[in-house]
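# Structural overview for review
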Amino acid sequence: MTIADAVFAGLGAGALLAAVLPRVVAGRPLSLPLVFLVGGICVYLLPLPLPEIDPVDDRLLTEHITEIGVIIALMGAGLALNRPVGRRRWGTTWRLLGVTMPLTVVATALLAWWLLDWPPAAALLLAAVLSPTDPVLASEVRVGEPTEDEHDEDEVRFALTSEAGLNDGLAFPLTYAALALAAAAGGGWSADWAGAWVAEDVAFKCAVGVLCGLLVGRLLGWLFFMARSPVLRLSEHREGFVALGATFLSYGVTELVGGYGFLAVFATACTIRAAERAHGFHNVLHDFVEQIERLFTATVLFLLGAFIALGGLAPLTWQGAVTALALLVVIRPLSGWAGLLGGRPGRLERWVIASYGIRGIGSLYYLAYALGRLDFPVPERELWAVVTFTVLASVLLHGVTAGPVVTRLDRLRTATPPRQEGTQGDSGPGRRAR
């Protein structure tokens, strides 16, 4: 038996498990990512001749694998959202992005600077790479398939899905801030970089990302649903793989012109979704993307488990572990609660949204990306250990609790008499759990 034979067998078994497990673990204190993460640990603890998994040595490969996983997840999230984009309709999302995300980054950076005694640039980098959330790792807290009804989404699932769709792109300016600070001050502090960072990495690249996403989405929306020729009107052919074409086109074009491709992919997905909301082709696109996304997620989490089994957490200190756990159980919940004060979610919904800021593949991508651009004044393996432990703890904590918590919340929501608020953009009757 060769290593290649074992890899083929493992890939086949993994693909079949990825198809079966979501139905097996539905509603239980378990998740598909958790199964594959633990599976990777267990398999690599066996005395088998398996290939080495090391994202530090194989940084470029790690960056590209996680990059593809993130953009596919962003397309899936955007295609699944039924609620049209708007100031009031997406009010909870704007609060999470405008208040919760900055509070989380600042608190995490300060904690890393104080507890880990890291230089400001390294502390900011850790906070930046851990800022994007990833509800793919707990499917119970993400929206389901597209439907015709814009109210067919409870506030918890909608908020966590839309937040993840946007903060995966907004983490880029924060990562560039850490890179700029490290380049300007090394292990110290300087503010000389801030002006150029705001103008280029925040304003220009974000604007280009959103604009390109909207333009590509408009073009593809016309091509999918409104082209006069049946040959060009792709919705007539119901081929789901064109979703990958939309994903890569939007991402590639935007990166070529200097914008944030992550923002563009999500904007493209939302724009395609808005082109013809009642068309069944959205379900074809979404289902195909979800299947590819599931395979990527299972693969990345298995490889992460292998890295852990091979000693990936050996450089982790107790200070790093405390920082990671504090982010998950203290910083994010409190920042989320503060950001949602006075918003639409009820008390229980507010706590669930605040507590389920799941860390995942996006964090692995941003760390690999940043470390490939500049050397930071802390050991790379220590950075990888803290981020890996954070993802591991998040998958364990949120993967085990998401099913029971959301099931309980759904029961309470069903038992609550419908609220008739009479305002456009309300989350729907009976969807507000107190």
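Residues numbered from 1 in each chain as written. Predicted model: local features only at pLDDT ≥ 70, side-chain atom pairs only at ≥ 80, totals over all residues. Heavy atoms only, no water.

## As for a nonpolar patch on the surface
On the surface, Leu-325, Val-329, Val-330, Leu-334, Trp-351 and Leu-397 cluster together to form a nonpolar patch covering roughly 500 Å² of accessible area. Ranked by residues supplied to the nonpolar patch, first place goes to helix 11 (residues 318–340) with 4 residues. Along the chain, Leu-334 falls in helix 11. (Patch = residues over 30% accessible without salt bridge, like charges linked within 9 Å, V, L, I, M, F, W, Y side chains within 5 Å. Areas by Shrake-Rupley, 256 points an atom, 1.4 Å probe, with all protein chains shown as cover. Salt bridge = Lys/Arg side-chain N within 4 Å of Asp/Glu carboxyl O. Helix = DSSP H or I, 4+ residues; strand = E, 2+ residues; numbered from the N terminus.)

## Examining the pattern of salt bridges
Oppositely charged side chains can form a pair if their charged atoms are brought close together. Under the criterion given, the structure shown has 10 salt bridges. Across the pair Asp-57 and Arg-381 runs a salt bridge whose closest N-O atoms are separated by 3.5 Å. Placement of Asp-57 in the loop between helix 2 (32–45) and helix 3 (59–80) and of Arg-381 in helix 14 (residues 380–415) is noted, with a sequence separation of 324 residues between them. Exposure remark for Asp-57: the relative accessible area of 60% places this residue in the exposed category. Arg-381 sits in the partly exposed class, given a relative accessible area of 36%. The salt bridge partner of Arg-332 is Glu-163, with a shortest N-O separation of 2.7 Å. One end of the pair, Arg-332, is in helix 11; the other, Glu-163, is in helix 6 (residues 155–185), and 169 residues separate them in sequence. No difference in accessibility class separates Arg-332 from Glu-163, as the two residues are buried. (Buried < 20%, exposed > 50% of the residue type's maximum accessible area, 1.4 Å probe, protein only.)

## Considering the nonpolar core
Counting residues in hydrophobic clusters, the biggest one holds 121 residues, and the most contacted among them are Leu-125, Phe-262 and Phe-376. What Leu-125 contacts, discounting residues up to four positions off in sequence, is Thr-175, Ala-178, Leu-367, Ala-370, Leu-371, Phe-376 and Leu-383. (Core = buried A, V, L, I, M, F, W, Y, C linked by side-chain atoms within 4.5 Å. Contact = heavy atoms within 4.5 Å.)

## Section: the environment of Arg-381
Arg-381 sits 67 residues away from Ala-314 along the chain, and the two C-alpha atoms are 8.8 Å apart. With residues up to four places along the chain from it excluded, the contact list for Arg-381 reads Asp-54, Val-56, Asp-57 and Pro-315. Within the local environment of Arg-381, its side chain forms a polar contact with the side chain of Asp-54, the two groups lying 2.8 Å apart. (Polar contact = N/O pair within 3.5 Å; in protein donor to acceptor, adjacent residues only side chain to side chain.)

## Let's talk about the packing of helix 8 (residues 242–256) against helix 10 (residues 281–312)
Where helix 8 contacts helix 10, the axes come no closer than 8 Å and their chain directions differ by 75°. Here helix 8 is positioned roughly perpendicular relative to helix 10, judged by the angle of their axes. Every residue of helix 10 that contacts helix 8 at Val-242, Ala-243 and Leu-244 is listed here: Phe-281, Leu-285, Phe-288 and Val-289. Split into classes, the residues belonging to the contact of helix 8 with helix 10 amount to 7 nonpolar, no polar and no charged. (Axes fitted to C-alpha atoms, helices over the stretch in contact; angles between N-to-C directions. Parallel < 35°, antiparallel > 145°, perpendicular 65-115°, else oblique. Nonpolar A, V, L, I, M, F, W, Y, C, P; charged D, E, K, R; others polar.)

## Structural notes on empty space enclosed by the protein
Taken as a whole, this structure holds 3 cavities of 30 Å³ or more when the rule is applied. Lining the largest cavity we find 20 residues, and of these Ala-73, Leu-74, Asp-134, Val-136 and Asp-168 sit closest to its centre. Listing elements by their share of the lining of the largest cavity, those giving two or more residues are helix 3, helix 6, helix 10 and helix 13 (361–371). Considering only residue class, the lining of the largest cavity consists of 10 nonpolar, 6 polar and 4 charged. (1 Å grid on protein atoms, 1.4 Å probe; cavity = no way out; pocket = protein on both sides within 12 Å on 5 of 7 lines; lining within 4 Å. Points joined across faces, edges and corners; volume = space filled by probe spheres on them.)

## Here's the deal with helix 8
Over its 15 residues, helix 8 runs 21 Å from end to end, which matches the ideal 21 Å to within 8%, given 1.5 Å per residue. The inward-facing, buried residues of helix 8 contact helix 3, helix 7 (194–225), helix 9 (261–275), helix 10 and helix 13. In the segment just after helix 8, Gly-258 is the residue with positive phi, at about 95°. (Expected span 1.5 Å × (residues − 1).)

## Topic: the packing of aromatic side chains
For any two aromatic rings, the description comes down to two numbers: the centre-to-centre distance and the angle of the planes. Scanning the model with the defined rule gives 22 aromatic pairs in all. The interplanar angle of 90° and the centroid separation of 5.1 Å between the aromatic rings of Phe-172 and Tyr-369 together place this pair among those described as edge-to-face. Taken as a pair, Phe-172 in helix 6 and Tyr-369 in helix 13 lie far apart in primary sequence, 197 residues in all. By relative accessible area, which is 4% here, Phe-172 ends up buried. Pairwise contacts between aromatic rings join Phe-172, Tyr-176, Tyr-251, Tyr-260, Phe-262, Tyr-365, Tyr-366 and Tyr-369 into one cluster. Against the face of Trp-337 rests Arg-350, its NZ or CZ located 4.6 Å from the ring centre. In this structure, Arg-373 is placed above the aromatic ring of Tyr-369, and the distance from its NZ or CZ to the ring centre is 3.7 Å. (Phe/Tyr/Trp six-rings, centres within 6.5 Å; stacked < 30°, edge-to-face > 60°. Lys NZ or Arg CZ within 6 Å of the ring centre and 35° of its normal.)

## Here we look at the confidence of the model for the protein chain
Summing up the model confidence of the protein chain, the mean pLDDT is 87 and the portion of residues at 70 or higher is 90%. In this model, residues 420–434 is a region of pLDDT below 50 whose contacts with residues beyond four sequence positions or in other chains number 45 contacts. (pLDDT = per-residue confidence, 0-100.)

## Regarding helix 14
Relative to the 52 Å expected for 36 residues at 1.5 Å per residue, helix 14 spans 51 Å between its end C-alpha atoms, a close match to the ideal helical length. The sharpest bend along helix 14 reaches about 40° and sits at Ala-402, with the proline Pro-404 one to four residues further on. (Bend = angle between axes of the 7 residues up to and from the residue.)

## Observations concerning the environment of Phe-36
Along the chain, Phe-36 falls in helix 2. Judged by its relative accessible area of 8%, Phe-36 is buried.

## Remarks on the packing of helix 7 against helix 9
Where helix 7 contacts helix 9, the axes come no closer than 7 Å and their chain directions differ by 35°. Here helix 7 and helix 9 pass one another in a crossing that is right-handed. Two secondary-structure elements touch here, helix 7 through Cys-206, Gly-209, Val-210, Gly-213, Leu-214, Val-216, Gly-217, Arg-218, Leu-220, Gly-221, Phe-224 and Phe-225 and helix 9 through Leu-263, Ala-264, Ala-267, Thr-268, Thr-271, Ile-272 and Ala-275. In terms of residue class, the contact of helix 7 with helix 9 is made up of 12 nonpolar, 6 polar and 1 charged. (Left-handed = near helix turned anticlockwise from the far one by under 90°.)

## With respect to unusual backbone geometry
In the Ramachandran plot, Asp-117 falls in the positive-phi region, its phi being about 60° despite a non-glycine side chain. By the element assignment, Asp-117 lies in the loop between helix 4 (91–115) and helix 5 (120–129).

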